[in-house]
Amino acid sequence: MRPRISVIGLGYVGLCTAVCFASKGFHVYGMDVDVERINSLSQGRSRTYEPQLQHHLNKALKTHLFQPTVDSELAVEKSDVTFVSVGTPSLEDGSIDLTYVKQSSAAIGASLKNKPKWHLVVVRSTVVPTTCDSVVKPVIEETSGKPCGPEWGLCMNPEFLREGSAIYDTLCPDRIIIGEYDERSGSALDNLYRSFFHRKIPTKRMSMVNAELVKYANNAFLAMKVSFANMTANLCETLPTADVGVVTSAIGLDKRIGQGFLRAGLGYGGSCFPKDIKALTAFGREKNIDLPLVHATVEINEKQPFRSIDLAEKLIGSLSGKRISVLGLAFKPDTDDMREAVSIPIIKDLLQRHANVVVYDPKAIAQARRIFEGSITYAESAVECIRGSDVCILVTEWESFKDLKPKEFAKLMKHPAIVDGRRLLDPSQFSRVKYASVGLGSNHKTGTP
Ligand SMILES: NC(=O)c1ccc[n+]([C@@H]2O[C@H](COP(=O)([O-])OP(=O)(O)OC[C@H]3O[C@@H](n4cnc5c(N)ncnc54)[C@H](O)[C@@H]3O)[C@@H](O)[C@H]2O)c1
C-alpha cells in the first residue's frame, strides 16, 4: 500500500508538496498552526499565489486526498511519513530562528509516543548544519520517549523550488538530495520518491549534515552569480558602448560557468537568498570561519537596488516632488511574495527624497498595502501607474510589462523617462524617450554591439 503523507507547515513549500503528492494519488494530511490558513484551504482558497497551485488544490480537495487540519496528532498518527516545512526566519543578528522547527519536532514526538508503527520524519525546511542531529533528533526522542533508528527514522531533504514555478519544480526537480540518519530512513524516502516520480530523478544520498550544507552552499553560489553579474553591470555603465547582457550571455556559454543566474538587474530578494545567506554568515561567525565571498555577495546586493535611483536622477535630476511610477513590487514575477523584495528599499528611498510614488503589480498590491499603507498610491493597471509620472522605474520583470510600447510611455507620462531595472524592454525601441538600463553604457541605444 502507498505510504500516507503528512506535511507540517503549509506555506509555499509545504502546500506545494502536499497538493502535488495528493495529485499523484497519495493521501495527504496537511497541518498548520495558522487556523485561518487551514480554514481557507479547506474552502479551496490558497492565500499563496503560484501558477498551477489553485488547480492542484481544487483537484486535491475534490478527490478528498488532501485533508487540511490544525491537529498535528491526527496528521502524524494517520500517516507513515511526515514532511516538516515550517518557516526558518532570521533572528535580529541574522542567525537562524529554529523556534518553529523545535515546536513542530516536539509536536511530532508527542504524536509518535503511542504510535506502534515505525514512522519517517523528513525535514524539508532549510536548517543550518547539524540542526537535524542536534535539535530535531533529540527533541523528538525526548518528547516521544523513543530512540531514532529502531523506532522512527529521520532524513534531511532540502527543497530547491523557485517561487513562481513552485509546482513545476516540485513535480520536476533537477535532483533529489537525501541526507539520512541511517540506511533504513534513506531507503524509505528514496522509495517514496521513486513511486512519486515514476521516473528516475538524479538522487544523491549522504549524511544529514552534508545535505544541510548542500542547501546553503547552493543558495550562496547562486546569489554570488547574481552579484557577479551586477558587479559587471556597474562596470559596463562606465563604458559608453558596453552592454552587460552581451557580456554575461557570452560568458554563460562557457559550460564551466553556465547561463543561469547571470542576469543583471536590481539584485536578489525573496524569502530564501537573503535570509539563508544571513544564516550562513552567522553560522560562519559561530564557527570562527570567515566567508569573504559571501560578504562581498551581500554587499553588492544591498547597494544594487539604489542603482535605479541613481539612474532616475541621471535622467531627470532631483526626484523631490516628482511623480515616480514603480512597475512591479513582488520580489520576482509570477508570485505575490514581497519578502525582502528590492521594491521595498527603493520605495522607502524615494519617499525619503519626498517623491510621490505610484505603484502597480499584477499580484502583489495587497502585500504592498500592508507595508506602505497610505504613504504611496496604488494603481489598478500599468497604464494607470505610468500616467502623468515624471519617471518610471521598472522593478519586477513581469512579462505583461513588455506590452507597454514606447508610444504609450510617450503619450501617458508627463516627461517620458524610463529606468529599466530588470533589462526587460528592448532599448532599441526607446530611442525617442529618455531611457536608462542597468548595465548599459550611456551611449548604448541598441542593446547590440
Ligand atoms: N519559499 C521558498 O521558495 C523556499 C524554497 C526552498 C526552501 N524553503 C524553505 O522551506 C521552509 C518553509 O518556507 P516557506 O516559504 O514555505 O515558509 P512560509 O513562511 O510560507 O510557511 C511556513 C508555514 O509554517 C507554519 N508553521 C509555523 N510553525 C508551525 C508549527 N509549529 N506547526 C505547523 N505549522 C507551523 C506557518 O504557519 C506557515 O504557514 C523554510 O525553511 C524555507 O527557507 C523555502
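Above this text sits the structure in question.
Caption draft 1: Region of the structure containing the pattern of salt bridges. Summed over the entire model, instances satisfying the criterion amount to 25 salt bridges. Close ionic contact of Arg205 with Glu183 constitutes a salt bridge, the shortest N to O distance being 3.5 Å. Placement of Arg205 in strand S8 (residues 203–206) and of Glu183 in helix H8 (residues 183–197) is noted, with a sequence separation of 22 residues between them. Judged by relative accessible area, Glu183 falls into the exposed class, the value being 54%.

Caption draft 2: Focus on the site of the ligand. Taken together, 27 residues surround the ligand, and among them Asp32, Thr88, Thr126, Glu163 and Lys275 come closest. Take Tyr12: an N or O atom from its main chain is 3.0 Å from an oxygen atom of the ligand. Here an oxygen atom of the ligand and a side-chain polar atom of Thr88 are 2.5 Å apart. Here the ligand loses 89% of its free accessible area of 830 Å² to cover by the protein chains. At 3 residues, the largest contribution of residues to the shell around the ligand is made by helix H5 (residues 99–112).

Caption draft 3: Representation of the state of the cysteines. Applying the stated criterion to the full structure yields 0 disulfides. Looking at Cys16, it has no disulfide partner, and the nearest cysteine sulfur is the one in Cys20, 6.2 Å off. Residue classification places Cys16 among the buried positions, given a relative accessible area of 1%. Of the cysteine sulfurs around Cys148, a residue in no disulfide, the closest is that of Cys155, at 9.2 Å. Classification of Cys148 as buried rests on a relative accessible area of 6%.

Reading the values: the criteria
- Residues numbered from 1 in each chain as written.
- Predicted model: local features only at pLDDT ≥ 70, side-chain atom pairs only at ≥ 80, totals over all residues.
- Heavy atoms only, no water.
- Salt bridge = Lys/Arg side-chain N within 4 Å of Asp/Glu carboxyl O.
- Helix = DSSP H or I, 4+ residues; strand = E, 2+ residues; numbered from the N terminus.
- Buried < 20%, exposed > 50% of the residue type's maximum accessible area, 1.4 Å probe, protein only.
- Near = heavy atom within 4 Å.
- Polar contact = N/O pair within 3.5 Å; in protein donor to acceptor, adjacent residues only side chain to side chain.
- Areas by Shrake-Rupley, 256 points an atom, 1.4 Å probe, with all protein chains shown as cover.
- Disulfide = S-S within 2.5 Å.

Note that all results are geometric; they support no functional claim without further evidence.
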